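# A look at the structure
Letter by letter, the chains look like this.
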Amino acid sequence: MKQNNCKIIGLTGGIATGKSTVTKFLIEKGYKVIDADKIARKVVEINCPAYKEIVEEFGVEILNKDLTIDRMKLGSIVFNSEEKRKKLNSIIHPRVFQEISNLILNYCKNEKIVFLDVPLLIEELDSFKKYNIDIDEIWLVYSDKDKQIERLMQRDNFTYEEAEKRINSQLPMKIKKKYADRIIDNNRNIKELKNTVDDIINRFK
């Protein structure tokens, strides 16, 4: 799915590397950012087709009192089972990728650059190809593992071991760096991160 004069930039990172902060900077600068996580939450809202399939597959035990899906409970189930994770993805992915395609078509009518914020972009590159979504560049928000652990412990009150387990469950950052066209270093403070993003944007234009 190619759009004339419209570049699709995939923005990704690792857990607690600061990708969401970079996304915020880009939105503040006026860029359109398609947030895959927000779409994934939208397609599992109550009474949506994906919601019904998920409840049928994983049971009412994954629901909150207000009948919304408890993402933490569901996450803990699929985190420990490759088979269940694949099943969940088979329910959610087609709907998420269709919505991403729709938004790209819409935004590219007026924009020269559209960002696609996807936490597991590199892991899902084959899926993007399957759904005919062409990504022109991959920008990786990078932090050292020690910095990721520190941020996870502060943000989510994880123990060191819990934080390390979550990080180790993802594709190592050194491998992700091989796929990246541009690397946004976030080992310092927010001011330095903002300056780095500004510099990359200015050189990219």
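These remarks concern the structure in this document. Every value quoted in this text rests on a predicted model; they were computed, and no experiment measured them.

Here is what the cut-offs are and how they apply
- Residues numbered from 1 in each chain as written.
- Predicted model: local features only at pLDDT ≥ 70, side-chain atom pairs only at ≥ 80, totals over all residues.
- Heavy atoms only, no water.
- Helix = DSSP H or I, 4+ residues; strand = E, 2+ residues; numbered from the N terminus.
- Expected span 1.5 Å × (residues − 1).
- Buried < 20%, exposed > 50% of the residue type's maximum accessible area, 1.4 Å probe, protein only.
- Contact = heavy atoms within 4.5 Å.
- Pairing = 2+ DSSP bridges.
- Axes fitted to C-alpha atoms, helices over the stretch in contact; angles between N-to-C directions.
- Core = buried A, V, L, I, M, F, W, Y, C linked by side-chain atoms within 4.5 Å.
- Disulfide = S-S within 2.5 Å.

## Looking at helix α7 (residues 145-156)
- The terminal C-alpha atoms of α7 lie 16 Å apart, and with twelve residues this matches the ideal 16 Å at 1.5 Å per residue to within 8%.
- Looking only at α7, the buried set comprises Gln 148, Ile 149, Arg 151 and Leu 152.
- Buried residues in α7 make contact with α8 (160-168) and α9 (173-179).
- Just past α7, the residue Asn 157 takes up positive phi, approximately 60°.

## Re the sheet that holds strand β1 (residues 7-13)
- The five strands are arranged β2-β3-β1-β4-β5 in an open sheet whose pairing can be described as parallel. At either end of the open sheet lies a strand with only one pairing partner, and these are β2 (32-35) and β5 (182-185). When the angles between neighbouring strand axes are averaged without regard to direction, this sheet yields 25°.
- Here helix α1 (residues 19-28) sits on the sheet in contact with β1, β2, β3 (113-117), β4 (137-142) and β5, set at roughly 145° to β1.
- Lying over the sheet, helix α5 (residues 82-107) contacts β1, β2 and β3, oriented at roughly 175° with respect to β2.

## Some thoughts on the nonpolar core
- Membership of the largest hydrophobic core comes to 35 residues, with the highest contact counts inside it found for Ile 54, Ile 69, Leu 74, Ile 92, Ile 100, Leu 116 and Phe 128.
- Elements with a contribution of two residues or more to this core: α2 (36-42), α3 (49-58), α4 (71-79), α5, β3 and α6 (125-130).
- No other element matches the seven residues that α5 contributes to this core.

## Side note on the state of the cysteines
- A complete count under the given rule lists one disulfide for this structure.
- One disulfide bridge connects Cys 6 with Cys 108, the sulfur atoms lying 2.1 Å from each other. Judged by the sign of its S-S torsion, about -55°, the bond between Cys 6 and Cys 108 is left-handed. Of the two residues, Cys 6 is situated in the segment before β1 and Cys 108 in the loop between α5 and β3; the sequence distance between them amounts to 102 residues.
- Its relative accessible area of 7% is what places Cys 108 among the buried residues.

It is worth stressing that arrangement in space is one thing and function is another; only the former is reported here.
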